[in-house]
Amino acid sequence: MRVADKVALVTGAASGMGAATARLLAREGAKVALADMLEEEGKAVAAEIEAAGGTAMFLRLDVTEEAQWEAAVGAVLGAWGRLDVLVNNAGISGSATNDLYDTALWDRIMAVNARGVFLGTKHGVAAMRRTGGGSIVNLSSISGVVGQERIHCAYNASKAAVRLLTKAVAVQEGPARIRVNSVHPGLMPPMRTSGATADPVFRAKMLGHVPLGRAGEVDEVAYAILFLASDESSYMTGTEMHVDGGYLAC
Ligand code: NAD
């Protein structure tokens, strides 16, 4: 029960690492709001958590829409009275196209991966200030630290924005006892929106840069998020945790 009685909101919780994180936080005692645009899948994960004895609710949220953020955070406060943990996990891939200079894709990636995290942070901070603090965990990537071939540069730019947004808000909100940290997964199961990074030939090439010699699993990221969400990391803020099999150490 590492996050007993905490209230958490996880974005992109219908799938992948967001779903794994929601399940783990609930198993460790948190009440979890699962936010996503995928209503059917998100409700199914929430129902699964409840069936296992946890406490969960699904919220429909497009992270690019500020009014929807206001409503989502308002719904959490209305139901459970506080917000202790926010996991800004929703994101879209940069490898969906071979046109690495697609302008519309630049705009969409920046809107979801960067603006979405900014809006979540803005409304999450306001809620956490009401109860004296909290923990925000932002999903960046190895792509927020270095460049890669076959990935639209907007993906790297958006994840780098998340990395520095995290540090900026950590500095600004330290006195309010709001901790803000980023998690940087490496080669994981492909995203729903992955193109090149789902291609077995490209994945095999990327694996050549991973000292542990394998892709990561969603729970390996969820455990890092759990640690940063919990009071076990109470003296950590503005830091970045690489969950990448050693990719960034090369
Ligand atoms: P995924 O595609 O399985 O899940 C992403 C979720 O975000 C989906 O449920 C999707 O519906 C949701 N989402 C997308 N746009 C949204 C929006 N506008 N509003 C609300 N929800 C939205 O991907 P994943 O692998 O679980 O990735 C989770 C996070 O980790 C992302 O931020 C991703 O960039 C990052 N990441 C992934 C990898 C990887 O290899 N899979 C590696 C590093 C970082």
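The structure displayed is predicted, hence computed values, not measured ones.

(A) How the structure looks around the nonpolar core. By size, the foremost hydrophobic cluster in this structure holds 35 residues, and its most contacted members are L9, L59, W69, V76 and L83. Elements that contribute at least two residues to this core include exactly β1 (7–11), β2 (31–36), β3 (55–60), α3 (66–80), α4 (103–130), α5 (153–173) and β6 (178–185). Looking at this core element by element, the count peaks at eight residues for α4. Grouped together as the second largest cluster of nonpolar side chains are 33 residues, A8, L34, L139 and V221 included.

(B) Expanded view of α4. Under the 1.5 Å per step criterion, the end-to-end length of α4 is 40 Å for 28 residues, consistent within 8% with the ideal 40 Å. The sharpest bend along α4 comes to roughly 35°, located at A111. At the N-terminal end of α4, a side-chain oxygen is found 3.0 Å from the backbone nitrogen of A104, two or three residues along, and the residue is D102. Taken from the residues just after α4, G132 is the one with a positive phi, measuring 90°.

(C) Quick peek at the pattern of salt bridges. Enumeration according to the criterion identifies 13 salt bridges in this entry. For E66, the salt bridge is made with K122, and the minimal N-O distance between the two is 2.7 Å. Here E66 is found in helix α3, whereas its partner K122 is found in helix α4, with 56 residues between them in sequence. The exposure class assigned to K122 is partly exposed, which follows from its relative accessible area of 42%.

Conventions and cut-offs
Along each chain, the written sequence defines residue order, and numbers are assigned to residues from 1. Where local features are concerned, this predicted model is filtered to residues with pLDDT of at least 70; where side-chain atom pairs are given and counted, the filter is 80 or more; whole-chain, interface and lining totals use all residues. By convention in this description, side-chain values take in all heavy atoms of the structure and omit both hydrogens and water. Among buried residues, those of type Ala, Val, Leu, Ile, Met, Phe, Trp, Tyr and Cys that are joined through side-chain atoms within 4.5 Å constitute a nonpolar core. Three exposure classes are used, based on accessible area relative to the maximum for each residue type with a 1.4 Å probe and protein chains only: buried under 20%, partly exposed in between, and exposed over 50%. By the criteria applied, helices consist of DSSP H or I runs no shorter than four residues and strands consist of E runs no shorter than two, each listed in order from the N terminus. Under the convention used throughout, the expected extent of a helix is 1.5 Å for every residue step, that is, one less than its residue count. The angle separating two fitted axes, one through the seven residues that finish at a residue and one through the seven that start at it, defines the bend at that residue. Polar contact criterion, stated in full: a pair of N or O atoms within 3.5 Å, where within protein one must be able to donate a hydrogen and the other to accept it, and residues adjacent in sequence count only if both atoms are side-chain atoms. Basic side-chain nitrogens of Lys or Arg form a salt bridge, by our definition, when they fall within 4 Å of a carboxyl oxygen of Asp or Glu.

So yeah, pure geometry; function would need other evidence.
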